[in-house]
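Summary of structural features
Spelled out, the chains give:
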Amino acid sequence: MFICCNTKPKQEKSQKNTSSTANSEVESIKQSKCEEQMHKEPVQETTNKSLNVDLTQKNKKHSEIQNIVNRIKAYREEGKLNLSIDIEKSFVTSLIEEDLPTIYFVEFRWAVNYTTFLERRIQELPKKINNTKLLTQENAQKELIIIKSEKDSQLLPGVQPDRHYVLLNERSWTFIHLLYGGGPKIMIEMEKPVMSPDIINDGQTNITSHTANTTKISFEPLIDIAKLEDNNMEDSEKSPYTNTTRRSNPQKTNSIKIQPKLYELPYVGLQNPKYYCYMNSALQCLLSIRELNDSLLKQPKQQNKKFTMAYQDLLRLVQNSIPGSAISVEKLQTMCLNKFKYSQQQDAHEFLLYLLSEIQQELVGKNKYQKEEFPNAQEAWDVYKTRNPDIITNLFAGQIASKSHCLKCKEISEGFDPILDLNLPLSKYYIPREFKIQDCLQTYFKEEQINDAWKCDKCQFVNNSVLRKTQITQTPKYLILHLKRFTQFPKSQKITDEVAYPEILDIKEFCAENVEFTKYALKGVISHMGQLNGGHYVAYAQRQYSWYHFDDKIVTKDKNNQHLSDKGAYIIFYEQL
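Below: a short report on this structure. All chains use their own residue numbering, which begins from 1 and follows the written sequence. This being a predicted model, a pLDDT of at least 70 is required before a residue's local features are given, and a value of 80 or more before pairs of side-chain atoms are given or counted; all residues contribute to the totals for chains, interfaces and linings. To get the side-chain values, all heavy atoms of the structure are used, and hydrogens and water are removed first.

Some words on the overall build of the protein
Rule in force here: Secondary structure elements are taken from DSSP: a helix is a run of H or I of four residues or more, a strand is a run of E of two residues or more, and numbering for both begins at the N terminus. In this scheme, a residue with accessible area under 20% of its type's maximum is buried, one over 50% is exposed, and one in between is partly exposed, where area comes from a 1.4 Å probe on protein chains only. Only the protein chains shown count as cover for residues, with accessible areas throughout obtained via the Shrake-Rupley method and a probe of 1.4 Å.
A count of helical and extended segments in the protein gives 13 helices and 29 strands. Evaluated residue by residue, the protein yields a buried proportion of 46% over its 577 residues. Put simply, the protein shows about 31900 Å² of open surface, and 49% of that area lies on carbon and sulfur atoms.

Structure representation (structure tokens):
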């Protein structure tokens, strides 16, 4: 409650002045309440906005899961079981790996059977989840069970993790429950914040002695369903009441590890021994993407993943650095010498795509696939995602569709291509002018006539020219816009005209009708100063919820919001809302 400092309690006066005193006090109280309400309203408005944002995010995530479930069911009905399994396995694995509390129970035998199905060792679809095996008879018919203690009376006595149940996070549970149904829903109560890190591993249960505040701490995934072993099935079938004289082999029980959650890396500069500003600027923008950093840190170290390991080493170095200090990126610099000579000026966009592509190849392998024709954009996207179940694809990949019109049969042929960025053209004018990012997007996606031979997929007629239009059919989590400032034709030059870009960008007009999430917020900017053969890169990115200007080893807070209007903007990062 807000108290106005100017409103002081009046001293009690004689009865003669009672009326005037009362009136005065009434006016004072009214003024106090008015001022108090003025204080309260902005707080209430801020709270409501925060709640609306949280609700929107939750609905968006649930919609994403529901869409995947619908697609899996549709592919099953079409007889495309292998494709549906590929999508399901890839998606549920990504959900399990999310850094969320594991608080939802799944009966162990069902989990084992589910894993066996995903590994294609059985063809029969899993039945409904049956968690009643974990509950006492009087609780088995309830729809929701809240577990409040390690020896909750609602559970059967003797129920143990990794023998009778596994724990999943909320999104994993939501996915399998929507797909297979069943229940009841059994979850650990989450109320009180943990004040200090704990590791609970009492050999009997995975329920912590503290409940957890998920906004301040993180849980590691308790168990990966895809790695459950069949040899545990016998134990899961035994009744918790069963007494046995045979001592079972000791098993390692996964514990819930509670540790402080690092939402943002500290802001640090990157040393530049010569011409490495192109690398430093790109890295500073990537370091602001928490999902990328969290996922790569969890990757096991393998000698054949040299770029992934180098980025991991950089992340750990940044984590342990003092804010405002400068560190070396020598390992990455050395690894890129074959591609980017240290004695020459290099391109930040080329390096950015090179690094992302190298990490992606290390995570999924260098697989070559024959070109395929797909009946629609969704199936093309599903196949691409199952072949590339990595964090680079999850965060940066999108899809565009190209529609070509045949002059003979008048039919439209569609082709689908994955993208990691959009290369937006700029036109050179003799008189400098200001572009808008929307103008660049409209130029990129406008229908154009291509004077080149093209064979129609429908009638096989060879067109000497073709009308072609592109549109976005899958939007990425992070949208990278590359402004093509450097041209080689008709002559080598840099286009220095200013391009205005908004803090909130909506690309709905460039997307197919069924694309839902088209709004983005500004996440980072790489800017180039100078000319074609001599210049310098800087970056704007967020750390600790504030914007900073990164100029190699020098880092300054962007107090004047220069990131919203930098005239040399070259690469712009947007995050999906």
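Focus on the environment of Ser-84
The cut-off we apply is this: Throughout, a residue-residue contact means that at least one pair of heavy atoms, one from each residue, lies within 4.5 Å.
Structurally, Ser-84 can be placed in helix H2 (residues 81–96). For Ser-84, a relative accessible area of 0% translates into the label buried. Through-space distance from the C-alpha of Ser-84 to that of Lys-73 is 7.6 Å; in sequence the pair is 11 residues apart. Filtering out sequence-adjacent residues up to four positions away, Ser-84 remains in contact with Ile-72, Tyr-75 and Arg-76.

Side note on the sheet that holds strand E19 (residues 466–474)
Note the following rule: Only strands joined by at least two bridges in the DSSP assignment are considered to pair. In this analysis, axes come from line fits to C-alpha atoms, helices being fitted only over the stretch in contact, and the angle between any two N-to-C directions falls in the range 0 to 180 degrees.
In spatial order, the strands read E13-E12-E19-E16; together these 4 strands make up an open sheet with antiparallel pairing. Looking along the sheet, the strands with just one partner apiece sit at the ends: strand E13 (412–419) and strand E16 (448–450). With strand direction ignored, the average angle separating the axes of adjacent strands in the sheet is 35°. By the bridge criterion, 7 bridges tie strand E12 (residues 398–405) to E19 in an arrangement that is antiparallel. Directly across from Ala-401, in E19, lies its bridge partner Gln-471. Strands E12, E13 and E19 of the sheet are contacted by helix H11 (residues 377–387), whose axis makes an angle of about 140° with E12. Across the sheet, helix H13 (residues 437–445) is in contact with E12 and E19; its angle to E19 comes to roughly 125°.

A closer look at the pairing of strand E20 (residues 478–484)
On any regular strand, side chains alternate: one points to one face of the sheet, the next to the other face. Summarising burial for E20: 6 of the 7 residues are buried, a large majority. In terms of strand pairing, strand E14 (residues 422–425) meets E20 through 4 bridges, oriented parallel. Looking across to E20, one finds that Leu-424 is bridged to Leu-483. Looking at chain direction, E20 and strand E29 (residues 569–576) are connected through 5 bridges and run antiparallel. Across the sheet, Leu-479 pairs through a bridge with Tyr-574, a residue of E29.

Section: the packing of aromatic side chains
Heads up, the condition is: Here is the rule: rings of Phe, Tyr and Trp (six-membered ring for Trp) pair when centre to centre is within 6.5 Å. Planes less than 30 degrees apart are stacked, more than 60 are edge-to-face, and the remainder are tilted.
Across all of its chains, the model carries 20 aromatic pairs by this definition. Here the aromatic rings of Phe-340 and Phe-351 are separated by 5.8 Å at their centres, their planes lie at 75°, and the arrangement is edge-to-face. Of the two residues, Phe-340 is situated in the loop between helix H9 (330–335) and helix H10 (348–364) and Phe-351 in helix H10; the sequence distance between them amounts to 11 residues. In terms of burial, Phe-340 and Phe-351 fall into one category: buried. Through successive ring pairs, a cluster of aromatic residues spans Tyr-276, Tyr-278, Phe-307, Phe-340, Phe-351 and Tyr-354.

What to know about the environment of Glu-362
Quick note on the threshold: Counted as a polar contact is a pair of N or O atoms within 3.5 Å, where, for protein atoms, one must be capable of donating a hydrogen and the other of accepting one, and residues adjacent in sequence contribute only when both atoms are in side chains.
For Glu-362, the position within the fold is in helix H10. On the accessibility criterion, Glu-362 (14% relative accessible area) is buried. Taking the C-alpha atoms as reference points, Glu-362 and Phe-307, 55 residues apart in sequence, are found 7.8 Å from one another. When sequence neighbours within four positions are dropped, the list of residues in contact with Glu-362 reads Asn-304, Lys-305, Lys-306, Phe-307 and Thr-308. Within polar-contact distance, the side chain of Glu-362 engages the backbone nitrogen of Lys-306 at 3.1 Å.

Description of the nonpolar core
Operational definition: Only buried Ala, Val, Leu, Ile, Met, Phe, Trp, Tyr and Cys residues count toward a nonpolar core, and they belong to the same one when joined by side-chain atoms within 4.5 Å.
Membership of the largest hydrophobic core comes to 53 residues, with the highest contact counts inside it found for Leu-283, Leu-292, Tyr-311 and Phe-396. Leaving out residues up to four positions away in the same chain, Leu-283 has contacts with Leu-270, Tyr-311, Leu-314, Val-329, Leu-332, Phe-351 and Leu-355. Core analysis: the second largest hydrophobic core is formed by 44 residues, Ile-68, Phe-108, Trp-110 and Phe-175 among them.

Considering the pairing of strand E4 (residues 165–169)
In terms of residue burial, E4 counts as a mostly covered element, since 5 of its 5 residues are buried. Burial of E4 is two-sided: the residues Tyr-165, Leu-167 and Asn-169 facing one way and the residues Val-166 and Leu-168 facing the other way are all buried.

Side note on the pattern of salt bridges
To keep things clear, this is the line we draw: Whenever Lys or Arg places a side-chain nitrogen within 4 Å of a carboxyl oxygen from Asp or Glu, that contact is recorded as a salt bridge.
Considering all chains together, one arrives at 16 salt bridges under this definition. In this structure, Glu-64 and Arg-171 form a salt bridge, with 3.3 Å as the shortest nitrogen-oxygen distance. Here Glu-64, found in helix H1 (residues 18–77), pairs with Arg-171, found in helix H4 (residues 170–180); they are 107 residues apart in sequence, far enough to count as distant. A residue is classified by how much of its surface remains accessible, and Glu-64, at 34% relative accessible area, is partly exposed.

Quick notes on unusual backbone geometry
Omega for the peptide link from Gly-183 to Pro-184 comes to -5°, which places this bond in the cis form. The topology assignment puts Pro-184 in the loop between strand E5 (182–183) and strand E6 (185–188). Positive phi values are uncommon outside glycine, yet Arg-120 reaches one of about 65°. Take Arg-120: it is sitting in the loop between helix H3 (108–118) and strand E2 (129–130). Positive phi outside glycine occurs at Asn-561, with the angle close to 55°. Judged by its relative accessible area of 41%, Asn-561 falls in the partly exposed class.

Let's talk about helix H6 (residues 277–286)
Taking burial as the measure, the 10 residues of H6 include 10 buried ones, the bulk of the element. For H6, the full list of buried residues reads Cys-277, Tyr-278, Met-279, Asn-280, Ser-281, Ala-282, Leu-283, Gln-284, Cys-285 and Leu-286.

Considerations on the packing of helix H8 (residues 306–319) against H10
Which entries qualify depends on this criterion: An angle counts as roughly parallel when it lies under 35 degrees, as roughly antiparallel when it exceeds 145, as roughly perpendicular when it falls between 65 and 115, and as oblique in every other case. For this classification, the nonpolar set comprises Ala, Val, Leu, Ile, Met, Phe, Trp, Tyr, Cys and Pro, the charged set comprises Asp, Glu, Lys and Arg, and every other residue, Gly included, is treated as polar.
Their axes nearest at 8 Å, the elements H8 and H10 cross at an angle of 115°. On the basis of the axis angle, H8 is roughly perpendicular to H10. Between H8 and H10, the contacting residues are Lys-306, Phe-307, Thr-308 and Tyr-311 on the first element and Tyr-354, Leu-355, Glu-358, Ile-359, Glu-362 and Leu-363 on the second. Per-class residue counts for the contact of H8 with H10 are 6 nonpolar, 1 polar and 3 charged.

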